Amino acid sequence: MNCRLIQNIKHSCEYNPGGISEIYLLDIRDFVSYRFRDDKLYDQCFIDSIKISAQDYIRLDVVDESNFTENQDNGIYTQAITTFVRSLDYQKTASLLLTKVNKYLIVFSSQGKMFSFGSDGGATLSYTQQTGQRGETAGYSITITKKSIYPLFEAAPDKTVIESLLSTEDKVNLVTTEDGYCIPILELWKK
């Protein structure tokens, strides 16, 4: 019976049963504002653009087990995204120590869509280092959490907001809209 349920499902770009393919951290101090669809309020949960004052971000590794959860209780949303970075080394540890002291606006992709959270004060990153017996995975288990008054927002990867492409000194590509909003071009937008 189980075989019949899954035998004709093909895993391709058109069918994605879940999972996160990209995670980006933007320093909350560089976040200016969201612009919601049709200039409506946040309760529409759809962002047309993200205005930021700086043009750099951190991209985290993702694994098949990377996931996002959100729970709501008494008007507060508890949001968490988890991922895993393989192999322990001093450079990754040093980077994580620096990353851990800041707060971030989070942008991630799942099922061909972009999502964002953490705009009200920024999300925090924590990690644990792990290694195990022979054959087990070694690396960093990373969790990014936020208690927020806002739910998860979907972000538009809409090419109509693109006016021109910029490239920073760090080779980070951005979309600049007619209103001066800068949006990092994520791989999803580079079709």
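Up top is the structure these notes are about.
The notes below deal with the structure included here. (Residues numbered from 1 in each chain as written. Predicted model: local features only at pLDDT ≥ 70, side-chain atom pairs only at ≥ 80, totals over all residues. Heavy atoms only, no water.)

## Observations regarding the sheet that holds strand β2 (residues 31-36)
Then, in step 1: On the basis of which strands lie adjacent, the open sheet formed by seven strands has the order β2-β3-β11-β8-β7-β1-β4 and mixed pairing. In this open sheet, the two edge strands, each paired with only one partner strand, are β2 and β4 (58-60). The average undirected angle you get between the axes of adjacent strands in this sheet is 35°. (Pairing = 2+ DSSP bridges. Helix = DSSP H or I, 4+ residues; strand = E, 2+ residues; numbered from the N terminus. Axes fitted to C-alpha atoms, helices over the stretch in contact; angles between N-to-C directions.)

## Notes on the nonpolar core
Then, in step 1: Core analysis: the largest hydrophobic core is formed by 19 residues, its most contacted members being Ile23, Leu25, Ile106, Phe108, Leu125, Ile142 and Ile144.
Then, in step 2: Of all the secondary-structure elements, those providing two or more residues to this core are β1 (20-27), β6 (76-86), β7 (104-110), β8 (113-117), β9 (124-130) and β10 (139-148).
Then, in step 3: When sequence neighbours within four positions are dropped, the list of residues in contact with isoleucine 106 reads Ile23, Tyr24, Leu25, Phe115, Ser116, Phe117, Ala123 and Ile144.
Then, in step 4: Grouped together as the second largest cluster of nonpolar side chains are 14 residues, Phe31, Tyr34, Ile47 and Ala155 included. (Core = buried A, V, L, I, M, F, W, Y, C linked by side-chain atoms within 4.5 Å. Buried < 20%, exposed > 50% of the residue type's maximum accessible area, 1.4 Å probe, protein only. Contact = heavy atoms within 4.5 Å.)

## What about the packing of aromatic side chains?
Then, in step 1: Enumeration according to the criterion identifies eleven aromatic pairs in this entry.
Then, in step 2: Plain terms: the ring middles of phenylalanine 36 and phenylalanine 153 are 5.2 Å apart, the flat faces sit at 75° to each other, and that makes the pair edge-to-face. Here phenylalanine 36 is found in strand β2, whereas its partner phenylalanine 153 is found in strand β11 (residues 153-155), with 117 residues between them in sequence.
Then, in step 3: Accessibility expressed as a relative area gives 13% for phenylalanine 36, which makes it buried.
Then, in step 4: For phenylalanine 153, a relative accessible area of 2% puts it in the buried group.
Then, in step 5: An aromatic cluster of three or more residues is present, and its members are Phe31, Tyr34, Phe36, Tyr150 and Phe153.
Then, in step 6: Seen from the ring of phenylalanine 46, arginine 37 lies directly overhead, with NZ or CZ sitting 3.8 Å from the centre. (Phe/Tyr/Trp six-rings, centres within 6.5 Å; stacked < 30°, edge-to-face > 60°. Lys NZ or Arg CZ within 6 Å of the ring centre and 35° of its normal.)

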